[in-house]
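Architecture and fold: a report
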Amino acid sequence: MTAPAGYAVVDTETTGLFSGYRHRIAEIAIIQLDLAGTVTGEWSTLVNPDRDLGPQAVHGIRAADVRRAPRFEQIAGDVAERLRNRVVVAHNWPFDAMHLRSEFERMGIEVPLHPDAGLCTMRAAGVALPGSRRSLIDCCAAAGLPEMSWHTARDDAMAAAFLFQHMMLREPTAVEVTPDQLRTAAWQWPLLDHRQVTPVRRMPAGQVEPHFLARLVERIPRDTQPAVDGYFAMLDGALLDRQISATEADSLLDIAQELGLHKADVLAAHRTYLRALARAGWEDGVITEDERRDLDAVAALLGLDHDSVDAVLEQERNAPAAPGIDRITATVSVGGLVLRPGDKIVLTGTMRRDREEIREQITAAGLRVTTAVSKRTRVLVAADPDSLSGKAKDARQHGIPVVGEETFLRLLDMRLDKGAVSDAY
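All of the points below concern the structure found in this document. (Residues numbered from 1 in each chain as written. Predicted model: local features only at pLDDT ≥ 70, side-chain atom pairs only at ≥ 80, totals over all residues. Heavy atoms only, no water.)

1. Quick notes on the pairing of strand S6 (residues 344-348)
Along S6, 4 of the 5 residues are buried, which leaves the element largely enclosed by surrounding structure. In the sheet, S6 pairs with strand S7 (residues 368-370) via 3 bridges, with the strands oriented parallel. The residue bridging Ile-345 from the neighbouring strand is Val-369, located in S7. Viewed along the sheet, the connection from S6 through helix H15 (residues 355-364) into S7 turns out right-handed. Two elements, S6 and strand S8 (residues 377-382), share 5 bridges in a ladder whose sense is parallel. Across the sheet, Leu-347 pairs through a bridge with Val-381, a residue of S8. (Buried < 20%, exposed > 50% of the residue type's maximum accessible area, 1.4 Å probe, protein only. Helix = DSSP H or I, 4+ residues; strand = E, 2+ residues; numbered from the N terminus. Pairing = 2+ DSSP bridges. Right-handed = clockwise from strand over helix to strand, strands pointing away.)

Structure follows, in structure tokens:
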């Protein structure tokens, strides 16, 4: 048996605890060390799990981050190359082994990643750091190691690597490599394609994606004046919850390009939409503070400023009939989403608030909670508005609005305060 080239410290972030419940890897990192324990390389990427992301409050991964990430089968070759001829190390190795094994099995590949195949720093800490708790955070604190961005695959893997280095120096017997681990290191991984896709990293904390208008080209070739009705219809759906998710922004960009709209065309369409919303607000002869806030919020989402709202309100105060504007006005609502008694609501994803509490609140508002999306569903409430769940995919296919949990519950609270289900938000 040839000697291993070194170690591969692995960490995964997953959509749930047990792979048997269709849970998947959503982020993976591998830190390579030489036999002396020196870091020689690192690699990490988000992974598109093709399902909802589970406990996002724990791992902090957004669907907007993973929607362009590779699927596991696209990075399986990269994983194999980084584990090849190396002793695998992880904090709570049986957990990472279970999920890695399941991902490869989905591809029809049997891998020897069983619970004893890798070196577990959590188990070793029981010997090397007596009295410390089991979590990676507590073990690193007991070893005097620096704080990291916990629950990100890259930083957790690097922290586990530092912990392993610490134990190699202070208590080498706790991390002695077993024959089982050596046999796994020598296992002949299949030759899979690798380096085919670019790793996708999380968006840094506090950073937001540029406005989707910034991603539109200024000029594109076209032969005829484009019709914008399709764009208005998609825009109205996206703005129902007064947010534009990353998925909705992508859809707006797609239809703008499909219709051959220039950036100037889209801005003109946004001004027209804002004018229609202002006209709808003037129907009762007054613009309330809530309506003004709503117009300001929509303007910001459309890349328009506060002065634009002042201008359209003045233009539409006593505006004569305008067929184009009035046609759009008929489809918009100041405040956004309109719910009526008996409307069917579907929930998806791991909510921050208790599911039963949410159901009771929806029922108290005169609405119905159903378990499956159908053409009669009024709205899908998602833990993450960019959700990749099957329900979210069905909703988008049927043109049903996908609304974020916090936004929906805030609007529902307003509805209950008003004591009426038939009013517009």
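2. Remarks on the layout of surface pockets
Of the voids in this model, the largest pocket is the one considered here, and its volume is about 820 Å³. In terms of lining residues, the largest pocket is bounded by 32 residues, among which Arg-62, Ser-245, Asp-384, Pro-385 and Asp-386 are the most central. Listing elements by their share of the lining of the largest pocket, those giving two or more residues are helix H1 (56-59), helix H10 (246-258) and helix H17 (405-418). Looking at the lining of the largest pocket residue by residue, the classes come out as 14 nonpolar, 8 polar and 10 charged. (1 Å grid on protein atoms, 1.4 Å probe; cavity = no way out; pocket = protein on both sides within 12 Å on 5 of 7 lines; lining within 4 Å. Points joined across faces, edges and corners; volume = space filled by probe spheres on them. Nonpolar A, V, L, I, M, F, W, Y, C, P; charged D, E, K, R; others polar.)

3. Looking at the pattern of salt bridges
Taken as a whole and judged by the stated rule, the model has 25 salt bridges. Across the salt bridge formed by Glu-289 and Arg-293, the nearest N and O atoms sit 4.0 Å from each other. Of this pair, Glu-289 and Arg-293 both sit in helix H12 (residues 289-301), separated by 4 residues, roughly a single helical turn. Here Arg-293 falls in the partly exposed class, since its relative accessible area comes to 48%. Across the salt bridge formed by Arg-353 and Glu-357, the nearest N and O atoms sit 3.8 Å from each other. (Salt bridge = Lys/Arg side-chain N within 4 Å of Asp/Glu carboxyl O.)

4. A word on the nonpolar core
Among the nonpolar cores identified, the biggest contains 38 residues, and Phe-212, Tyr-231, Tyr-273 and Leu-274 are the most heavily contacted of them. Put simply, the parts of the chain that give this core at least two residues each are helix H9 (229-238), H10, helix H11 (263-281), H12, helix H13 (306-316) and helix H14 (323-329). In terms of residue count, H11 provides more of this core than any other element does, 9 residues in total. The residues touching Tyr-231, leaving out its near neighbours within four places in the chain, are Phe-212, Leu-252, Ile-255, Ala-256, Leu-259, Leu-261, Val-266, Ala-269 and His-270. One finds Val-89, Ala-143, Ala-161 and Met-167 within the second-largest nonpolar core, a separate group that totals 30 residues. (Core = buried A, V, L, I, M, F, W, Y, C linked by side-chain atoms within 4.5 Å. Contact = heavy atoms within 4.5 Å.)

5. Concerning empty space enclosed by the protein
Summed over all chains, the structure comprises 1 cavity of 30 Å³ or more. Considering only enclosed or pocket space, the largest cavity measures out at about 50 Å³ in volume. Lining the largest cavity are Arg-51, Asp-52, Leu-53, Gly-54, Gln-56, Ala-63, Thr-348, Gly-349, Ala-383, Asp-384, Ser-387 and Leu-388. Its residues assigned to classes, the lining of the largest cavity comprises 4 nonpolar, 5 polar and 3 charged.

6. As for the packing of H12 against H13
The packing of two helices is summarised by the inter-axis angle and the distance between the axes. Interhelical geometry of H12 versus H13 gives an angle of 125 degrees and a closest axis separation of 9 Å. Between H12 and H13, the angle falls in the class oblique. Here H12 runs over H13; the crossing is right-handed. Of the residues in H13, those in contact with Arg-292, Leu-295, Asp-296 and Ala-299 of H12 are His-306, Val-309, Asp-310 and Leu-313. (Axes fitted to C-alpha atoms, helices over the stretch in contact; angles between N-to-C directions. Parallel < 35°, antiparallel > 145°, perpendicular 65-115°, else oblique. Left-handed = near helix turned anticlockwise from the far one by under 90°.)

7. Quick look at the packing of helix H5 (residues 121-128) against helix H7 (residues 153-170)
The N-to-C vectors of H5 and H7 enclose an angle of 35 degrees; their axes lie 11 Å apart at closest approach. In this structure, H5 crosses over H7, and the sense of that crossing is left-handed. Contacts from Thr-121, Ala-124, Ala-125 and Ala-128 of H5 reach H7 at Ala-160, Leu-163, Phe-164 and Met-167. The residue makeup of the contact of H5 with H7, split by class, is 7 nonpolar, 1 polar and no charged.

8. Quick word on the sheet that holds strand S2 (residues 25-33)
In any sheet, the strands associate via hydrogen bonds between backbone groups, in a parallel or an antiparallel arrangement. Strand order in the open sheet formed by 5 strands is S3-S2-S1-S4-S5, with mixed pairing between adjacent strands. Looking at the sheet topology across the chains shown, the edges are occupied by strand S3 (39-46) and strand S5 (119-120). Two strands pair when backbone bridges link them, and S2 and S3 are joined in this way by 7 bridges, in the antiparallel orientation. Bridging from a neighbouring strand, Gln-32 pairs with Gly-41 of S3. Docked against the sheet, helix H3 (residues 72-83) engages strand S1 (6-14), S2, S3 and strand S4 (86-90), running at close to 20 degrees with respect to S2. Of the strands in this sheet, S1, S2, S4 and S5 touch helix H4 (residues 93-106), which is tilted by about 80 degrees from S1.

9. Some remarks on unusual backbone geometry
Despite not being glycine, Asn-92 has its phi angle at roughly 65 degrees, a positive value. Judged by relative accessible area, which is 28%, Asn-92 ranks as partly exposed. Positive phi outside glycine occurs at His-151, with the angle close to 65 degrees. One can find His-151 in the loop between helix H6 (136-142) and H7.

10. Some remarks on H12
A rise of 1.5 Å per residue sets the reference length of H12, with its 13 residues, at 18 Å; its end C-alpha atoms lie 19 Å apart and thus fit the reference within 8%. Taken together, the buried positions of H12 are occupied by Glu-291, Arg-292, Asp-294, Leu-295, Val-298 and Ala-299. Projected onto a plane normal to the axis of H12, the buried residues spread over an arc of 160 degrees and lie on a single side. In H12, those exposed residues whose orientation departs by more than 90 degrees from the buried face are Glu-289 and Ala-300. If you follow the buried residues of H12, they end up packed against H11 and H13. The positive-phi residue at the C-terminal boundary of H12 is Gly-303, with phi of around 80 degrees. (Expected span 1.5 Å × (residues − 1). Arc of directions from axis to C-beta.)

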